[in-house]
Amino acid sequence: MKVIEQMLAKYGRIEDAQNSLALREVMQELALAGLQRAGFFDKAAFYGGTCLRIFYGLPRFSEDLDFSLLQPESDFLLAPYFAAMHAEFSAFGFDVEISERKKVVDSPVVSAFLKKHSSIYDVHVRGQRALKIKFEVDTDPPGGFATEEKLLLQPYSFYVKCFSLPDLYAGKMHALLFRQWKNRVKGRDWFDFEWYVRSRTPMHLAHFEARARQSGDWQGEALSRQAFRTLLRGKILGLDIESAKRDVQPFVQSASDLDIWSREYFLALADKLEFL
């Protein structure tokens, strides 16, 4: 498929370990095309690290597809959109299976997995495990976010409704501060935080607060900028820098970009954080 070859060619020369990440990203873009054809973005918006990567130029690979409904809908199902995604992948020579993930805890997030069985481009993942993409849809979104239509040119031209950058930033900082992982540091959160500060994107504090209140991580008085900085500084002081580097390193092209990472560096970034 010439279109798929063109989509893969944009990555140029990358390490073998990242070939599967490049193919995964192509699959993510095909999935977005199928969802758009099915009218999914009439009621939902794209957010998270993969949105930031595909539409805003984040210089690292990302694994999952995260979406939020525009309005709460407790009985929302992703399954009605599966046929459109199947058709999209089939048109480009991919054989995939899409299955709904069974919930083990009560959650407003609906999940599904897209797994690639075989493809005419398997050469790019030879020796690797089968590719799998996780979809998640937040069916009870916190309010106060804005969206914008972003253009994707491949596999063909179409628009995707995405969270605005300040609201993406707010969601990322909510994950960074309150992610419930006992023995693991998600360095990708810290990489994204660094990128936001370097790009001088303001964080939408009100949307962060709405997320934190909904998750039960912030209660009481209105969240001030100073209170947010205090939360962030506390998180930085407890950060395992080496674990953070190990987590993100497979997803970036140059590990040397992480050499500057230290608690002092992230504290300096925190001082430069801007708010909306």
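Residues numbered from 1 in each chain as written. Predicted model: local features only at pLDDT ≥ 70, side-chain atom pairs only at ≥ 80, totals over all residues. Heavy atoms only, no water.

A. Structural detail: the pattern of salt bridges. Under the criterion given, the structure shown has 17 salt bridges. The closest approach of N and O atoms between Glu29 and Lys10, which form a salt bridge, is 3.1 Å. Residue Glu29 is located in helix H2 (residues 19-37), and its partner Lys10 is located in the loop between helix H1 (2-9) and H2; the two are separated by 19 residues in the primary sequence. On the basis of relative accessible area, Lys10 is assigned to the partly exposed category, the value being 45%. Via salt bridges that share partners, Arg60, Lys172, Arg179, Asp189 and Asp192 belong to a single interconnected network. (Salt bridge = Lys/Arg side-chain N within 4 Å of Asp/Glu carboxyl O. Helix = DSSP H or I, 4+ residues; strand = E, 2+ residues; numbered from the N terminus. Buried < 20%, exposed > 50% of the residue type's maximum accessible area, 1.4 Å probe, protein only.)

B. Representation of H1 within the structure. Those residues of H1 that sit buried are Ile4, Met7 and Leu8. Relative to the axis of H1, the buried residues are bounded by an arc of 95° and lie together on one face. Away from its buried face, by an angle of more than 90 degrees, H1 presents the exposed residues Lys2 and Ala9. Against the buried residues of H1 lie H2 and strand S3 (94-100). (Arc of directions from axis to C-beta. Contact = heavy atoms within 4.5 Å.)

C. Structural view of a nonpolar patch on the surface. The grouping of Leu151, Leu153 and Tyr159 at the surface amounts to a nonpolar patch, some 330 Å² of accessible area in total. By the secondary structure assignment, Leu153 is in the loop between strand S6 (147-152) and strand S7 (158-163). (Patch = residues over 30% accessible without salt bridge, like charges linked within 9 Å, V, L, I, M, F, W, Y side chains within 5 Å. Areas by Shrake-Rupley, 256 points an atom, 1.4 Å probe, with all protein chains shown as cover.)

D. View of the packing of aromatic side chains. The full count for this structure, using the stated rule, is 24 aromatic pairs. Consider the rings of Phe40 and Phe67, whose centres lie 5.1 Å apart with planes at 85°: the pair is edge-to-face. With Phe40 in the loop between H2 and strand S1 (44-47) and Phe67 in strand S2 (residues 65-69), this residue pair connects regions lying 27 residues apart in the sequence. As far as the burial class goes, Phe40 and Phe67 line up, both buried. Summarising the aromatic geometry, the rings of Trp195 and Tyr196 are spaced 5.4 Å apart at their centres and angled 70° between planes, so their arrangement reads as edge-to-face. Grouping aromatic residues by their ring pairs yields a cluster made of Phe40, Phe41, Phe46, Phe55, Phe67, Phe76, Tyr81 and Phe135. (Phe/Tyr/Trp six-rings, centres within 6.5 Å; stacked < 30°, edge-to-face > 60°.)

E. Region of interest: the pairing of S6. With 6 bridges joining them, S6 and S7 adopt antiparallel strand pairing. If you follow Thr147 over to S7, its bridge partner there is Phe163. Two successive antiparallel strands, S6 and S7, enclose a turn made up of 5 residues. (Pairing = 2+ DSSP bridges.)

F. Looking closely at helix H6 (residues 187-198). Taking 1.5 Å as the rise per residue, H6 with 12 residues should run 16 Å; its terminal C-alpha atoms sit 17 Å apart, in good agreement. Burial of H6 is extensive: 11 of the 12 residues sit out of reach of the surface. Of all the positions in H6, only Gly187, Arg188, Asp189, Trp190, Phe191, Asp192, Phe193, Glu194, Trp195, Tyr196 and Val197 are classed as buried. On its buried face, H6 is in contact with helix H3 (49-56), helix H5 (165-178), helix H8 (225-237), helix H9 (241-248) and helix H10 (263-272). Arg200, located one to two residues past H6, shows a positive phi value of around 60°. (Expected span 1.5 Å × (residues − 1).)

G. Representation of the side chain of Glu25 within the structure. Counting through the fold element by element, Glu25 comes out in helix H2. You can call Glu25 buried: its relative accessible area is 4%.

H. Summary view of the packing of H2 against helix H4 (residues 82-91). One way to put it is that H2 packs onto H4 with a least axis distance of 8 Å and a crossing angle of 130°. In terms of orientation, H2 lies oblique with respect to H4. You can see that H2 and H4 cross each other, and the crossing is right-handed. Residues Met27, Leu30, Ala31, Ala33, Gly34, Leu35 and Arg37 of H2 touch H4, and the partners they reach there are Ala84, Met85, Glu88 and Phe89. Of the residues belonging to the contact of H2 with H4, the class tally is 8 nonpolar, 1 polar and 2 charged. (Axes fitted to C-alpha atoms, helices over the stretch in contact; angles between N-to-C directions. Parallel < 35°, antiparallel > 145°, perpendicular 65-115°, else oblique. Left-handed = near helix turned anticlockwise from the far one by under 90°. Nonpolar A, V, L, I, M, F, W, Y, C, P; charged D, E, K, R; others polar.)

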